[in-house]
Amino acid sequence: MFYSLLKQLVALALKMYFRKIYLVGHNKVPGDQPIIIAANHPMAFCDACLLACFLERPLHFLVRGDVFQPAWLWFFEWTNQIPIYRFRDGFGNMRKNAESFVKVNDKLKDGAAVLIFAEGNTKLQKRLDPLQKGPARIAFGAMEQHGLPDLAMVPIGINYSDGSQFRSDVYLSVGDPIALADFDISSKEKKNASVRELTAQLYDALLPHVIHLDTVEREDLHGPLDRCEYPFLRDRIWPILDERPDRFRAQKNLAQHLNQMADLQVQRLKERVQTENMRSTTHPFRILLLALTMPFLVLGFLLNALPFYAAKLIAKKRVKLIEFYTPVRIGLTIVFMILYLAVFSIVGALSWGWPGFLFVLLTPILGYLAIIIREEIFFVEQPGKSILKTSEA
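Source: prediction; values computed, not measured.

Cut-offs used in this document
Residues numbered from 1 in each chain as written. Predicted model: local features only at pLDDT ≥ 70, side-chain atom pairs only at ≥ 80, totals over all residues. Heavy atoms only, no water. Helix = DSSP H or I, 4+ residues; strand = E, 2+ residues; numbered from the N terminus. Buried < 20%, exposed > 50% of the residue type's maximum accessible area, 1.4 Å probe, protein only. Contact = heavy atoms within 4.5 Å. Areas by Shrake-Rupley, 256 points an atom, 1.4 Å probe, with all protein chains shown as cover. Lys, Arg positive; Asp, Glu negative; His and termini not counted. Charge placed at Lys NZ, Arg CZ, Asp CG, Glu CD. Phe/Tyr/Trp six-rings, centres within 6.5 Å; stacked < 30°, edge-to-face > 60°. Patch = residues over 30% accessible without salt bridge, like charges linked within 9 Å, V, L, I, M, F, W, Y side chains within 5 Å. Salt bridge = Lys/Arg side-chain N within 4 Å of Asp/Glu carboxyl O. Axes fitted to C-alpha atoms, helices over the stretch in contact; angles between N-to-C directions. Left-handed = near helix turned anticlockwise from the far one by under 90°. Nonpolar A, V, L, I, M, F, W, Y, C, P; charged D, E, K, R; others polar. Pairing = 2+ DSSP bridges.

Trainee: Hey, could you run me through the overall build of the chain in this one?
Mentor: Secondary structure summary: the chain contains 15 helices and 11 strands in total. In terms of overall dimensions, the chain has a C-alpha envelope of 75 × 70 × 35 Å along the principal axes. Relative to its full complement of 393 residues, the chain shows a buried share of 48%. For the chain, contacts bridging at least 24 residues in sequence account for 76% of all contacts bridging at least 6. Total accessible area computed for the chain in this model is approximately 20700 Å², and 61% of it derives from carbon and sulfur atoms. Charge centroids of the chain, computed over 46 positive and 39 negative side chains, lie 6 Å from each other.

Shown next as structure tokens:
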């Protein structure tokens, strides 16, 4: 019950924070068998929230054990989180992993879906790092204990156009499940060989679903170049959860193009992008529409400014790692907005009765309407001449 309610609340917050969430191939996730979802890990617990909210199946999560503080054990239990301890957590804590693995195995035996981040560490980048052997070992451990002939591993790529920015885009791409029944784990030597084989196979299966740039220079160029080349592909805001693959394919094609370019070409292209100014145009009809909707924009902004900017300010000052900035900011916004609405709904009800109470509850809707007015009416990107084509000429 708690998981389902929290899922709806967080899904709503994610749809407001990100402009578009592309979910490609979600029908590839089996719905009636035990699975291990193996994903890359660019942005801390935001990755888990996205998959938990927008995949149909309830998920169980392997989470770093050092965050399991006694005061919050109820929360981790109610949200299906299972602790995994690392060497840095000490040998005593590492011994607790045996209990966690038993719990994972039992969940898989019951036909559950378990999420594992295959890279091991979180890093905000457009690149797939070498995978850890943990997902393969966990899978084969469950098979040894319970059999599980239908156990499969599902690769999912998690991609952000600019993870640290409000109203950026998310791309979730699901790969074909990898059946595990054919791997030979009949002896220790064969099991170790199968672990290596599955880890390599998983990397090859996951890579097509990750926007992968070979170097930092190409990665830094990908976003600005995308905004210059493909603003005409900037889809309308609805549906926010979009299952069409076109936009993700454009991102992948652009990454592939950059990877194939020589370093000198990349440097020249970077200089060209830095001098290119994106033009914005406003049609006379849009000016009229903006004038008519301006009161809603101002009202929505003013009513939501306090919880929104308080969360932004605290996250900016307190969070040291960029991978945790957006997840913490979204979490704080949810908490502050709930408190804000609770306090002001009481004030509104006491001051103006039911009309005041209902008006306060409309505050988030007015805030979202202000965002839509700004994005869909006030600012419209227009593409210029293709930088890629002119740079290659």
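Trainee: Help me out: how do you make sense of the packing of aromatic side chains in this one?
Mentor: Each aromatic ring pair is described using two quantities: the centre-to-centre distance and the angle formed by the ring planes. For the coordinates displayed, the defined rule picks out 20 aromatic pairs. Taking 4.2 Å as the distance between ring centres and 25° as the angle between the ring planes, the aromatic pair formed by Phe 68 and Phe 76 counts as stacked. Like Phe 68, the residue Phe 76 is buried in the burial classification. Ring geometry for Tyr 340 against Phe 344: centres 4.8 Å apart, planes inclined by 50°, an arrangement best described as tilted. Remark: Phe 344 and Tyr 340 occur in helix α12 (residues 322–352); sequence separation between them is four residues, near one turn of the helix.

Trainee: Would you explain a nonpolar patch on the surface in this entry?
Mentor: On the surface, Met 294, Val 298, Phe 301, Leu 302 and Tyr 309 cluster together into a nonpolar patch covering about 460 Å² of accessible area. With respect to the element layout, Leu 302 can be found in helix α11 (residues 284–318). Owing to a relative accessible area of 56%, Leu 302 belongs among the exposed residues under this scheme.

Trainee: How should the packing of helix α1 (residues 2–17) against α12 be read in this particular structure?
Mentor: Helix-helix packing is described using two parameters, namely the angle between the two axes and the distance between the axes. Taken N-terminus to C-terminus, the directions of α1 and α12 make an angle of 115°; their axes are 11 Å apart at the nearest point. In this structure, α1 crosses over α12, and the sense of that crossing is right-handed. For the pair α1 and α12, the contacting residues are Leu 9, Val 10, Ala 13, Leu 14 and Tyr 17 in the first and Thr 326, Arg 329, Ile 330, Ile 334 and Ile 338 in the second. In the contact of α1 with α12, the residues fall into eight nonpolar, one polar and one charged.

Trainee: In this structure, what is going on with the pairing of strand β3 (residues 59–64)? I would like to understand it.
Mentor: Burial within β3 is extensive, with five of its six residues counted as buried. Relative to strand β5 (residues 113–117), β3 is paired through three bridges, and the arrangement is parallel. Each bridged residue has a counterpart across the sheet, and for Phe 61 the counterpart in β5 is Leu 115. The pairing of β3 with strand β4 (residues 81–84) spans four bridges and is parallel. Bridge pairing in β4 links Val 63 to Pro 83.

Spatial relationships are all this shows, so hold off on functional conclusions.
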